[in-house]
Amino acid sequence: MSSKAAYAFRVAAVAEALSWAALLVGMFLKYVVHSSGEGGVPVLGMVHGVVFVLYVVISLSVAKPLGWRPKTLVLALLASIPPLFTWLFEKWALRNGKLDGPQRLSHGGVGLFQAKEPVAV
C-alpha cells in the first residue's frame, strides 16, 4: 500500500507545483505584459484550485499509510501555500525516507534511498 500512497502523493505534489507555475505565468501575461484577453487566468485558476484540493486530500489520506508524524503532515499542508513548495517538500520527503512508509520492505515501498549493506571482502 505504501508504494501506491507514495506514488499518488508524488504525482499530486508535482501537479500542484506545475499548476501554480502555470497560473503565475498566466497572471504575468495578464497583469504585467497586458496581453489581449485574460491570459488563461480563469481556466488556470480553476485547474490550480482543483489540483490544490486534490493535493490536500491526498496528503491527508496518505499520512497514515506512510507513517507520517503530525509534524510531517503539517509541513506537507503548509507546502501547498507558497508556489512550487510542494515539489520541494516531495524532494525532501523522498530523501528523508518519508515516502517509504513503516512497512516499506513488506509492501514494496519506494525504497530509493535504502542503506546498502556492506560487501564482505
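Scroll up a little and you will see the structure.
Because the structure is predicted, anything quoted here is derived from the model rather than measured. (Residues numbered from 1 in each chain as written. Predicted model: local features only at pLDDT ≥ 70, side-chain atom pairs only at ≥ 80, totals over all residues. Heavy atoms only, no water.)

Let's talk about the pattern of salt bridges
Working step 1: Tallying each qualifying case throughout the model produces 2 salt bridges.
Working step 2: With a shortest N-O distance of 2.5 Å, Arg 10 and Glu 90 are connected by a salt bridge. Here Arg 10, found in helix H1 (residues 2–32), pairs with Glu 90, found in helix H4 (residues 85–95); they are 80 residues apart in sequence, far enough to count as distant.
Working step 3: The class of Arg 10 is partly exposed, set by a relative accessible area of 25%.
Working step 4: The exposure class assigned to Glu 90 is buried, which follows from its relative accessible area of 1%.
Working step 5: Among the salt bridges present, the one from Glu 90 reaches Lys 91, with a minimum N-O distance of 4.0 Å.
Working step 6: Salt bridges here are not isolated pairs; linked through shared partners, they connect Arg 10, Glu 90 and Lys 91. (Salt bridge = Lys/Arg side-chain N within 4 Å of Asp/Glu carboxyl O. Helix = DSSP H or I, 4+ residues; strand = E, 2+ residues; numbered from the N terminus. Buried < 20%, exposed > 50% of the residue type's maximum accessible area, 1.4 Å probe, protein only.)

Brief notes about unusual backbone geometry
Working step 1: Look at Leu 84: it is not a glycine, yet its phi comes out positive at around 70 degrees.
Working step 2: The class of Leu 84 is partly exposed, set by a relative accessible area of 38%.

That is the geometry; function is a separate question.
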